[in-house]
Amino acid sequence: MKSATTAGVSPVPARSRSRRSVTGTRRIVAALFLLPALVLLGALVVYPIGYSVVRSFSNASGDQFAGFDNYRALFTDSGIRTALKNNVIWVVFAPTVATALGLVFAVLTERVRWGTAFKLVVFMPMAISMLAAGIIFRLVYDQDPDKGVANAVWVGVHDTFAPSSAFPKAHPGRNSPLEPDRGGFITTATVRVGQSVSLPLVGVAPDRMPKDARKAVRAEPEPGRITGTTWQDFTRGKGVGRPGEVDPTELGYAGMRIEAVKDGRVVASTTAADDGTFTLPAQADGARLRLPADNFREPYNGVDWLGPSLVTPAIIGSYVWMWAGFAMVLIAAGLAGVPRELLEAARVDGATEWQVFRRVTVPLLAPVLAVVVVTLMINVLKIFDLVYIIAPGSSQDDANVLALELYRKGFSEGQPGIASAIAVFLLLLVVPVMLFNMRRLRREVRR
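This is a predicted model, so every value here is computed, not measured. Think of each chain on its own: its residues are numbered from 1, step by step along the sequence as written. Local features in a predicted model are, by the rule used here, given only for residues with pLDDT of at least 70; side-chain atom pairs are given and counted only at 80 or more, and totals for whole chains, interfaces and linings are based on all residues. Only heavy atoms go into the side-chain values, all of them from the structure, while hydrogens and water stay out.

Asks: Teacher, can you tell me more about the pairing of strand 2 (residues 184–187) here?
Replies: Side-chain positions along a regular strand alternate between the two faces of the sheet. Only protein chains enter the accessibility calculation, which uses a 1.4 Å probe; a residue is then buried when its area is under 20% of its type maximum, exposed when over 50%, and partly exposed in between. The way it works is that DSSP assigns letters per residue, a run of H or I at least four long becomes a helix, a run of E at least two long becomes a strand, and they are numbered from the N terminus. Every second residue of strand 2 is oriented toward a common face, with Gly184 and Ile186 on one face and Phe185 and Thr187 on the other, all of them buried. By the convention used here, strands pair only if DSSP detects at least 2 bridges between them. When strand 1 (residues 178–181) meets strand 2, the two strands line up antiparallel, connected through 4 bridges. When the sheet's bridge partners are listed, Glu179 is paired in strand 2 with Ile186. The antiparallel hairpin formed by strand 1 and strand 2 contains 2 residues in its connecting segment, where Arg182 sits at a positive phi of about 55 degrees. Two strands pair when backbone bridges link them, and strand 2 and strand 8 (residues 288–291) are joined in this way by 2 bridges, in the antiparallel orientation. Counted as the bridge partner of Ile186 is Arg290 from strand 8.

Asks: Before we go on, may I ask you to explain the side chain of Thr235 in this structure?
Replies: Looking at where Thr235 falls in the secondary structure, it is placed in the loop between strand 4 (226–232) and strand 5 (257–262). Since its relative accessible area comes to 12%, Thr235 is described here as buried. Between N or O atoms, a polar contact is any pair within 3.5 Å; within protein, one atom must be a potential hydrogen donor and the other a potential acceptor, and residues adjacent in sequence are included only when both atoms are from side chains. A polar contact of 2.9 Å, which involves the side chain of Thr235, links it to the side chain of Glu250.

Asks: Hey, could you run me through the nonpolar core in this one?
Replies: What is meant by a nonpolar core is a set of buried Ala, Val, Leu, Ile, Met, Phe, Trp, Tyr and Cys residues, joined one to another through side-chain atoms within 4.5 Å. Counting residues in each nonpolar core, the largest one holds 48 residues, and the members touching the most others are Trp90, Tyr141, Ile315, Tyr319 and Leu386. Elements supplying a minimum of two residues to this core: helix 4 (78–109), helix 6 (130–140), helix 8 (311–336), helix 9 (340–348), helix 10 (353–364), helix 11 (366–381) and helix 12 (385–390). If you look at the next biggest cluster of nonpolar residues, it comprises 26 residues, including Tyr253, Met256, Phe278 and Ala284.

Asks: Is there a simple way to think about the sheet that holds strand 3 (residues 196–201) in this case?
Replies: Strands in a sheet are paired, the pairing made by backbone hydrogen bonds, and the direction either parallel or antiparallel. An order of 3-4-7 is seen for the 3 strands of this open sheet, with the pairing classed as mixed. Two strands in the sheet have a free side with no partner beyond their single neighbour: strand 3 and strand 7 (277–280). Put simply, the sheet's adjacent strands are angled 25 degrees from each other on average, direction ignored. In the sheet, strand 3 pairs with strand 4 via 6 bridges, with the strands oriented parallel. Within strand 4, the residue paired with Leu201 across the bridge is Gln232. Lines are fitted to the C-alpha atoms to define the axes, a helix being fitted only along its stretch in contact, and any angle between axes, read from their N-to-C directions, falls within 0 to 180 degrees.

Asks: What should I look at first to understand the packing of helix 10 against helix 11 in this one?
Replies: Between two packed helices, both the angle of their axes relative to each other and the distance between the axes serve to describe the pair. Close contact between helix 10 and helix 11 brings their axes to 4 Å; oriented N to C, the two are set at 65 degrees. Residues Val362, Pro363 and Leu364 of helix 10 form the contact with helix 11, whose own contacting residues are Ala366, Pro367 and Leu369. Here the term charged refers only to Asp, Glu, Lys and Arg, the term nonpolar to Ala, Val, Leu, Ile, Met, Phe, Trp, Tyr, Cys and Pro, and the term polar to all other amino acids, Gly among them. Of the residues assigned to the contact of helix 10 with helix 11, the class counts are 6 nonpolar, no polar and no charged. Whether two residues are in contact is decided by their heavy atoms, any of which lying within 4.5 Å being enough.

Asks: Explain the confidence of the model for the chain here, please?
Replies: The predicted coordinates ought not to be read in detail in places where the model reports low pLDDT. One number per residue, pLDDT, summarises how confident the predictor is, and it ranges from 0 to 100. For the chain, the mean per-residue pLDDT works out to 86, and 93% of the residues sit at or above 70. A low-confidence stretch, residues 1–9 stays under pLDDT 50, and its non-local contacts, those more than four residues away or across chains, total 2 contacts. In the predicted structure, residues 14–18 sits below a pLDDT of 50 and forms 2 contacts with residues beyond four places in sequence or in another chain.

Asks: Explain the pattern of salt bridges here, please?
Replies: Working definition: two side chains of opposite charge can pair if their charged atoms are close together. Throughout this description, the term salt bridge denotes a Lys or Arg side-chain nitrogen within 4 Å of a carboxyl oxygen of Asp or Glu. This structure, assessed with the given rule, holds 19 salt bridges. Among the salt bridges present, the one from Arg290 reaches Glu259, with a minimum N-O distance of 2.8 Å. Here Arg290, found in strand 8, pairs with Glu259, found in strand 5; they are 31 residues apart in sequence, far enough to count as distant. Judged by its relative accessible area of 11%, Glu259 is buried. When the shortest N-O distance is used, the salt bridge between Glu405 and Lys409 registers 3.5 Å. Note that Glu405 and Lys409 are positioned in helix 13 (residues 402–412) at a spacing of 4 residues, about one turn of the helix. The burial state of Glu405 is the same as that of Lys409; both residues are buried. Each member of the salt-bridge network shares a partner with another, and the members are Asp77, Glu405, Lys409 and Glu413.

Next up, the structure:
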């Protein structure tokens, strides 16, 4: 075999070969091109990390060494412990729910013609900034059903099955024949056939009276029956009107339910007419008249989504709304690469769609699902914007997370040492997840 010299090809000097990369670029040229990026990386990443580590061992003013006092505060300060607990909740539930929804959307949209349009709609929230999403969901979760969409829907469903009363604030006035009873009111004395009973109440604002309410009329006695009137015993103006008597401008309690109670059980019941009058049959003789609690049911104002107990799940819901589209797109891309022959073979072997999904589709998508979950875990460890914007001041302590606590310690409470310790702690939490992701990517490359 001829040598390189004999063949007419002059050998490349060893020193020249060592100075060139695989692509033939000289190392000095490559280093010059990489230098600006390395300078920026050092200035924007390496230096801040190093400074934060040093600052985390200093006191609040930064002129004395504090040892591990700042790190000890991570586990003794109640605010930081709450933030740590909430971060655990975020890491466990937010990536899991977002990935699960993304998987379901990706699989189902493959079976419909308008799947692309659906994916576009689900992915659109990713184009919205965290600030805008926070403002949107602050309004969605508003306690007032007239403003908050969540409570508007919830109240609508609730009132369909348990409507509120028109007289939630009604109550007996002075020298009333009524007394409290099980959330409602009952007469202190029994009634007799042929008697006309007065059941006056006060406390309902004029603009809250039923629209079909008319001027109250005193019911005339009828033989063999018990009649009566229930009305708003109040006339505007000082010293105007006579308590316990129907005055010309007073309105009847239209729709008020009246029950005749004898020996603890209801023997008859009726509903007041538009002018407040009512009639009971002879079976009510010797009974006491009761206005049951249903007449005074308070309006349902919905759920306190941003209260201390629900604020964290509510904010996680807004995060899932934003990031489920991201998970769906990545999983759909992975699903496009799944061999269809395997799915068809499983169906031919008699597997149901659920078995195909659980035992074939999901295992084949495991690498993609791992990427999505790890990415979302890193993302939620540093969540800040949504919590800061959505949680009101009254429940922000209950929704606290580490990134928000870092901001509060560093800029609101003047404790940069503890804030730096939180930053270092967050970095230590992220590093294992990043290493796991890098190892998984290397295994994929080797395959």
